[in-house]
Structure formats: structure tokens, C-alpha cells
Amino acid sequence: MSTAHVAGDGSLATAPEVTTYPELDRPEHFTRANLGWVPWLEPPTAEELTEEQYVGLVDRRRDSSPYFRLLALDPAVLAARTKADIDIFHTSSRDGDGLPRPERELAAAVASRVNGCVFCASVHARFSAQLSHREADIDLLLAEGVESAAGALDPRWSAILNAAEALTVTPPRFGTEHVASLRSVGLSDEAIGDLVSSAGFFSWANRLMLSLGEPENPAS
Amino acid sequence: MSATLLTPPDLLDDVLGVSEGDAIDAVRRSRPAARENTQATLTALFALEDGADGADVPTLAERLAVATFVVGLHGESPLLAVYAADLDPEVRDVVTGLVAQAVRPGPFGVYREPGLAEESVEGPRWAAPTDALGPRLAAALTHAALLVQRPRESSPQALAALLAAGWSRTEIVTLSQLVAFLTYQVRVVAGLAVLKESRS
């Protein structure tokens, strides 16, 4: 990997802590491919992580990820964020009246598509497609965007797409008409709460992934 | 630190007017760890006092100024008064004035990915003036506007600008978490407020 250092004005030189990747094999579109991610700030190595920072990772195996090692520099925030993430997304065994997992992943993919996070969109489009077995619908969202996909898909996914988009834009446009539309396709209040959380969480995740590094294509 | 910001048990319940056992309380408690850890993130971001041993974190005044700015960029939110309450009145006036300059709908911006060029949306890129706030806080607000409004335009150069203004690597991680967390918190409050309204 070749790296260069850039200063605040974009000229090469004075800020040794920023890494760029002139030769990186970058994705050119939204994709379900298994992308990598490279950091612009150098994360601690696994050996350098303190025990407190390991606690921040929650799952120690996350020490293989440069993204999580970088976030571990603020371990208290990372720990709380990770526990919220797990409860919002990885709780399919207790969906109850909540939003089924594939549709929480769909909301995450929509937020990522709207914000322009190619990396996050790839992960959550892949999860949603695998869990829902609706690869073509997901690929339509990735290729054409939320508005086109919402116009083409069934009423339930269309309502979820429109609501997740309305939660993602600034200022949020989510209104009682979205709630009415979600209820009309069968979502309970708990499920609408899950949609708010899962779309909202990706406003957070997208901004970290987009601003601390960038995606790369899988090694061919 | 105001009475409200870190008062247990839960800021979101406070600003939404949730009471124990009501419909929104039931919704929030159906994902109890998400509820608790949204509050725990807030605590992690704001509880640390200035001058704590070995701390490599932005000052509390910087964190509150950034928070007030970020929430302000989202228009009306009951969270705004909470973050603004503890800000020095002079700084608060400056930040409020900068919000008025910087606010615009998002997300927009130019894609790095060549295949997405057709979806790029141009718009005015706001940068904070350094005269009123000093270079460190100005750099933070410039970065916050980037992250809130056109996150797809993030770049290594933007991080280099923070480093050049005196932000350490660890502080940049905390600043990024702060801005990004607030974009989530504002949306959860907005979404649940609408859900609450639709029930009454």
C-alpha cells in the first residue's frame, strides 16, 4: 500500500498522522460486494490497545478491524455505541411486535444510500438481501436510489423506504403521514420505534465510516 | 453542567415528555439496551470534567458549543435548549449566529465514486470564521457542518485541517462520535415525537 501525507491546505507534507491511498482500488457504485475499509487516521495496533480500550470493543475479536481499533481511542463512547447497535440490530430472537431484522437492515441500507455511504450500504444491503431473499429489490435500491425503488416495490417496503429517507435527511421530514402509512402496511408502534432507531443509528454510523476512512474493493 | 443534560435516568424521556408506562415508554423499553446505551453515550460524551487525569479530550465548553451548533443545524429540536443552557452566553450568541449562516438542507455534496457522479449535488460549503471563536473551535464547527450536511465529501484533508488546528487523533475520534451521535439523537427524538403525536 502506498501512502502520502497531506496538510490542511491539501498540500503534501506537514501532518504526519493522516494517511492517503493514491493507489487504492475504490468502488465506483453502490454494491452488495464485501468491501474493505481503510483508515485515514492510524489506529492503534491490537498490541497497543489497553485493557480499557479492549473493554470498549465489547467483543474482543473486533480488534481485527482498523475501524473499531480507531474508535477504541474513546472506549467509553465506543462501548455504549456498540451495545446500542447490538440491541437495535442483532435481536431477531426477540422481535416480538418489533420490525423484523431484514427490514431493520433495509432501513440501515436506505439511510446509507441517502447519505452516500457506499461502505455501510454494502454491508446492510447484503444483510437485508440475505435475510429477506429479495436481492433484486435491494439491488434496485442500490442502483436507482430510494425514490425510484419506493415507486416500484410493494407497499410495505415502499412505506419503509420513504420513512427511512424522511428520517435521514436534514432537517428530518418524518411526519404523521409516514406513521399512518407504516401502520397501514402492518407496522406496530414497536416496529415503528425500531425503524426510527435503525434508520437513525445509521445517521451516526455513516458519518463515522465516511469521515474516518474510505472503502476499497475486495481483493480479486 | 445544567440540571437537565445528564440528569438520570434519561434525557430523551425528559425532552419527549415520556412517563413510565405510557406508549412511547413501552416502545423504548422493548429495546432496553438501546435505550440505556443511548443515555450512556451521552454520559460518556459529556460527563468528563476538564483537566481529568490523562484526559485527551476536547474541553466541556468545546463539546457544548459543537453540540449546540450540530443540533441547531437540524432546525427545531427540543434538544437545542438543553445543550445551549450550559454554554457561556457570549459563545452561545456567536454559535447561534453561525447556525443561521450555515443552516441548509442536506445531505448534499459531490461523490468521490465516478459511477455516482450523476447523483452529486453542488451547494455552498460553509466554513467557520476563526476571528470569533479561535482556530480550534472554528475547525471543529467547520468539520461538524461537513459531517452533518455533506458527509459524502469527507476527506483526509478535512482531518488534516483538524490536526493543524490542534486537535489530537484521539480528540478527533471523540469529536466525530459527538457530531455523529447527535445526528442520531436528533432523529430519534424527532421520530418518537411524531409517533407520540400520532397517538394523541
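Residues numbered from 1 in each chain as written. Chains lettered and ligands numbered in written order. Predicted model: local features only at pLDDT ≥ 70, side-chain atom pairs only at ≥ 80, totals over all residues. Heavy atoms only, no water.

Under an unreviewed UniProt entry, chain A has the name Alkylhydroperoxidase domain protein and belongs to Serinibacter arcticus.

### Let's talk about the overall build of chain A
When its secondary structure is counted, chain A shows 10 helices and two strands. Helices and strands appear in chain A in the N-to-C order β-α-α-α-α-α-α-α-α-α-α-β. Here chain A has a C-alpha radius of gyration of 19 Å; the compact-globule value for 220 residues is 17 Å, and the two agree. C-alpha extents for chain A along the principal axes are approximately 55 × 35 × 35 Å. Counting all 220 residues of chain A, 59% fall into the buried class. Excluding contacts between residues fewer than 6 apart, the proportion of contacts in chain A whose partners are at least 24 apart in sequence is 59%. Surface accessibility of chain A: about 8,500 Å² in total, with carbon and sulfur atoms responsible for 50%. Considering chain A, the positive charge centre built from 18 side chains and the negative charge centre built from 32 side chains are found 4 Å apart. (Helix = DSSP H or I, 4+ residues; strand = E, 2+ residues; numbered from the N terminus. Rg over C-alpha atoms; globule rule 2.2 N^0.38 Å. Buried < 20%, exposed > 50% of the residue type's maximum accessible area, 1.4 Å probe, protein only. Contact = heavy atoms within 4.5 Å. Areas by Shrake-Rupley, 256 points an atom, 1.4 Å probe, with all protein chains shown as cover. Lys, Arg positive; Asp, Glu negative; His and termini not counted. Charge placed at Lys NZ, Arg CZ, Asp CG, Glu CD.)

### Considerations on the UniProt feature "domain: Carboxymuconolactone decarboxylase-like" (unreviewed entry) in chain A
Here the UniProt-annotated "domain: Carboxymuconolactone decarboxylase-like" (unreviewed entry) positions come out as residues 96–165 of chain A. A helix fraction of 83% and a strand fraction of 0% characterise residues 96–165 of chain A, whose end C-alpha atoms lie 25 Å from each other. (UniProt positions renumbered as here; feature names shortened; annotations may be inferred.)

### A look at the nonpolar core
F174 of chain A together with F46, V66, F69 and Y83 of chain B are the most contacted members of the largest nonpolar core, which totals 137 residues. Considering every element that reaches this core, the biggest residue donor is helix α9 (residues 169–199) of chain B, with 15 residues. Excluding anything up to four places from it in sequence, F174 of chain A contacts A163, A166, L167, V179, L182, I192 and V196 of chain A together with G191 and V194 of chain B. (Core = buried A, V, L, I, M, F, W, Y, C linked by side-chain atoms within 4.5 Å.)

### Observations concerning the interface of chain B and chain A
Counting from both sides, the interface comprises 57 residues of chain B and, opposite them, 72 residues of chain A. Taken together, the two surfaces of chain B and chain A that pack against each other cover about 5,500 Å², and 65% of this comes from carbon and sulfur. Three residues, R31, R169 and R187 of chain B, lead the burial of chain B against chain A; their summed loss comes to 15% of the area buried on that side. Run the count over chain B and chain A and you get four salt bridges. In this structure, R199 of chain B engages D189 of chain A in a salt bridge whose closest nitrogen and oxygen atoms are separated by 2.4 Å. At the boundary of chain B and chain A, one finds 21 residue pairs in polar contact (both at pLDDT 80 or more). Sorting the residues of the side of chain B that touches chain A by element identifies α3 (32–46), α7 (134–149), α8 (156–164) and α9 of chain B as the ones contributing at least two each. At 21 residues, the largest contribution of residues to the side of chain B that touches chain A is made by α9 of chain B. Counted by class, the side of chain B that touches chain A contains 31 nonpolar, 16 polar and 10 charged residues. (Buried area = accessible area lost by both parts, 1.4 Å probe. Salt bridge = Lys/Arg side-chain N within 4 Å of Asp/Glu carboxyl O. Polar contact = N/O pair within 3.5 Å; in protein donor to acceptor, adjacent residues only side chain to side chain. Nonpolar A, V, L, I, M, F, W, Y, C, P; charged D, E, K, R; others polar.)

### A look at the pattern of salt bridges
Inspection of the entire model under this criterion finds 24 salt bridges over all chains. The residue R134 of chain A makes a salt bridge to D137 of chain A at a minimum N-O spacing of 2.8 Å. Residue classification places D137 of chain A among the partly exposed positions, given a relative accessible area of 21%. The salt bridge partner of R31 of chain B is D194 of chain A, with a shortest N-O separation of 2.7 Å. In this pair, R31 of chain B is assigned in the loop between α2 (23–29) and α3 and D194 of chain A in helix α10 (residues 189–212), connecting two distinct chains. On the basis of relative accessible area, D194 of chain A is assigned to the buried category, the value being 4%. The network of salt bridges with common partners includes R26 and E214 of chain A together with R112 and E113 of chain B.

### Some remarks on the packing of α10 of chain A against α9 of chain B
With their axes 9 Å apart at the nearest point, α10 of chain A and α9 of chain B run at an angle of 160° to one another. By the angle between their directions, the pair α10 of chain A and α9 of chain B is classed as roughly antiparallel. Between α10 of chain A and α9 of chain B the crossing geometry is right-handed. Here the contact of α10 of chain A with α9 of chain B is composed, by residue class, of 13 nonpolar, nine polar and four charged. (Axes fitted to C-alpha atoms, helices over the stretch in contact; angles between N-to-C directions. Parallel < 35°, antiparallel > 145°, perpendicular 65-115°, else oblique. Left-handed = near helix turned anticlockwise from the far one by under 90°.)

### With respect to the packing of aromatic side chains
All told, the structure shown has 13 aromatic pairs over all chains when counted by the stated rule. On the numbers, 5.3 Å between centres and 75° between planes, the contact of W37 of chain A with Y67 of chain A is edge-to-face. A residue pair is termed long-range when its members are at least 10 positions apart, and W37 of chain A in strand β1 (residues 36–39) and Y67 of chain A in helix α2 (residues 66–71) qualify at 30 residues. Taking relative accessible area as the criterion, Y67 of chain A reaches 6% and is therefore assigned buried. Between W204 of chain A and F181 of chain B the ring centres are 5.2 Å apart and the planes differ by 75°, which places this aromatic pair in the edge-to-face class. (Phe/Tyr/Trp six-rings, centres within 6.5 Å; stacked < 30°, edge-to-face > 60°.)

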